[in-house]
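# Fold and geometry: a report
Single-letter residue listing:
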Amino acid sequence: MPMPERLLIEGVRSRVLRGRTGRRVRVGIGDDCAVLRLPKGHEALVTTDFSLEGVHFRRDWHGPEVVGHRCLTRGLSDIAAMGGDPVAAFLSLALPAKLPQKWVDGFAEGLLDLANEFDVPLAGGDTAQSPGGILADIVVMGSVPTGKAVLRAGAKAGDWIYVTGILGGSAAAIEALRRGKRVSRKDYPEHFHPMPRIAVGRLLRERGLASAMIDVSDGLSTDLGHICEESGVGAEIEAGAIPLARKATLGNALHGGDDYELLFASRGRVPAQIQGVAVTRIGRVVRGRKMTLLRGGRRFELKAKGWQHFG
Ligand SMILES: [Mg+2]
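In this text the structure is predicted, and so the values were computed from the model without any measurement.

## Quick look at the overall build of the protein chain
- In terms of regular secondary structure, the protein chain is built from eight helices and 14 strands.
- In terms of overall size, the protein chain behaves like a compact globule, its C-alpha atoms giving a radius of gyration of 20 Å where 311 residues would be expected to give roughly 19 Å.
- Along the first, second and third principal axes, the C-alpha atoms of the protein chain reach 60 × 50 × 30 Å.
- Per-residue burial for the protein chain yields a buried fraction of 53% across its 311 residues.
- Counted over contacts in the protein chain with a minimum sequence separation of 6, partners at least 24 positions apart contribute 85%.
- Surface summary for the protein chain: the accessible area is close to 14700 Å², and the carbon and sulfur share equals 50%.
- A gap of 5 Å separates the mean positions of the 43 positive and 34 negative side-chain charges of the protein chain.

## Topic: a negative patch on the surface
- On the surface, Glu65, Asp105, Glu109, Asp113 and Glu117 cluster together into a patch of negative charge.
- The biggest single contributor to the negative patch is helix α3 (residues 101-117), with four residues.
- Structurally, Glu109 is set in helix α3.
- Overall, Glu109 belongs to the partly exposed group, its relative accessible area being 36%.

## Details of unusual backbone geometry
- Its identity is not glycine, yet Asp119 carries a phi of approximately 55 degrees, on the positive side.
- Within the secondary structure, Asp119 is located in the loop between α3 and β5 (122-129).

## What to know about the packing of aromatic side chains
- In total, this model carries three aromatic pairs according to the counting rule given.
- For the pair Trp103 and Phe107, a centre-to-centre distance of 5.5 Å together with 15 degrees between the ring planes defines the contact as stacked. You can see Trp103 and its partner Phe107 sitting in helix α3, four residues apart, about one turn around the helix. Pair check on accessibility: Trp103 and Phe107 agree, each one buried.
- Residues Tyr162 and Phe264 carry aromatic rings whose centres are separated by 5.4 Å and whose planes lie at 15 degrees to one another, so their mutual orientation is stacked. Of this pair, Tyr162 sits in strand β7 (residues 160-164) while Phe264 sits in strand β10 (residues 262-266), and the two are 102 residues apart along the sequence.
- Judged by relative accessible area, Phe264 falls into the buried class, the value being 1%.
- Clustering of aromatic rings is evident, with ring pairs tying together Phe57, Trp103 and Phe107.

## Points about the pattern of salt bridges
- Taken as a whole, this structure holds 10 salt bridges when the rule is applied.
- With its nearest N and O atoms 2.6 Å apart, the salt bridge here joins Asp85 to Arg202. Note that Asp85 is positioned in strand β4 (residues 85-95) and Arg202 in helix α6 (residues 198-206), a separation of 117 residues in sequence.
- For Asp85, a relative accessible area of 21% translates into the label partly exposed.
- Through salt bridges with shared partners, one network takes in Arg70, Arg74 and Asp258.

## Here we look at empty space enclosed by the protein
- Within this structure, the stated rule accounts for three cavities of 30 Å³ or more.
- The computed volume of the second largest cavity comes to approximately 50 Å³.
- Lining of the second largest cavity is provided by Ser51, His56, Phe57, Val67, Arg70, Cys71, Arg74 and Tyr260.
- In terms of residue class, the lining of the second largest cavity is built from four nonpolar, two polar and two charged.

## What to know about the environment of His42
- Here His42 shows up in strand β3 (residues 42-52).
- Here His42 falls in the partly exposed class, since its relative accessible area comes to 24%.
- C-alpha of His42 to C-alpha of Gly147: the two residues are 105 residues apart in sequence and 8.4 Å apart in space.
- Once you skip the residues sitting within four places of it in the chain, His42 turns out to touch Ser143, Val144, Pro145 and Thr146.

Criteria and thresholds
- Residues numbered from 1 in each chain as written.
- Predicted model: local features only at pLDDT ≥ 70, side-chain atom pairs only at ≥ 80, totals over all residues.
- Heavy atoms only, no water.
- Helix = DSSP H or I, 4+ residues; strand = E, 2+ residues; numbered from the N terminus.
- Rg over C-alpha atoms; globule rule 2.2 N^0.38 Å.
- Buried < 20%, exposed > 50% of the residue type's maximum accessible area, 1.4 Å probe, protein only.
- Contact = heavy atoms within 4.5 Å.
- Areas by Shrake-Rupley, 256 points an atom, 1.4 Å probe, with all protein chains shown as cover.
- Lys, Arg positive; Asp, Glu negative; His and termini not counted.
- Charge placed at Lys NZ, Arg CZ, Asp CG, Glu CD.
- Patch = residues over 30% accessible without salt bridge, like charges linked within 9 Å, V, L, I, M, F, W, Y side chains within 5 Å.
- Salt bridge = Lys/Arg side-chain N within 4 Å of Asp/Glu carboxyl O.
- Phe/Tyr/Trp six-rings, centres within 6.5 Å; stacked < 30°, edge-to-face > 60°.
- 1 Å grid on protein atoms, 1.4 Å probe; cavity = no way out; pocket = protein on both sides within 12 Å on 5 of 7 lines; lining within 4 Å.
- Points joined across faces, edges and corners; volume = space filled by probe spheres on them.
- Nonpolar A, V, L, I, M, F, W, Y, C, P; charged D, E, K, R; others polar.

Here it is as structure tokens:
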């Protein structure tokens, strides 16, 4: 049985307070609201993401630390995609009555380890009993210099299209899990331990290198579709240029989700590596609204075919 709500909050609170305190959080957990300080001349970024049992994770596939880590990664990755810096995170958790306390502890550990790594204090949240599975909603607040957030709109015909890291690893892991394979975290680090690209996003924003940006959470084809739609442009992607994760197929990379890499358009000179993360040119922005895949000298229409829920 999980601890009663008060004890759970105390447990999380003491763990958070043992971690690094945030210079941006004047009042954190324990009052009606958190009180945050934004750097001078900055705007607030706010993002919210669900992690639902049976939809975003399965308890028999994902350990609690992995679920906690991935839960916060979803939020931090959105801040990265705007070129922002995370300020504070807020967590609302609904837990089934029969959930072992060990699971809750593991979840908190995975989430807070990543929070400490990025110096993002958990500054508030809520807990409740869930009538069904585990529900976690993460809210991350970030900041960005006023007017400088990198939006999905802004790509222009002639820009090159880049992606960080490697793609498809998460979809490949899910396929292997579905086939009943034993899947180790070492084989699929992109799935079990994805890292939000905060430093890369920030640098691209500082250097004015990204005309439009998004994080790859629903799959390359879907997320590129969002950039095209918001920017009013089309795109041509070179299939052979897409950096594939180990064991990932082109389909995994194009249509799988949960990669948490950055996809951006640029007309500047982009280094091949930023903060230790590979940056690969995979195509270009074109006029019109169509997305095209170039493969083996042939052209295919690329349709947004994002990720499928685990079901
Ligand atoms: Mg996003």
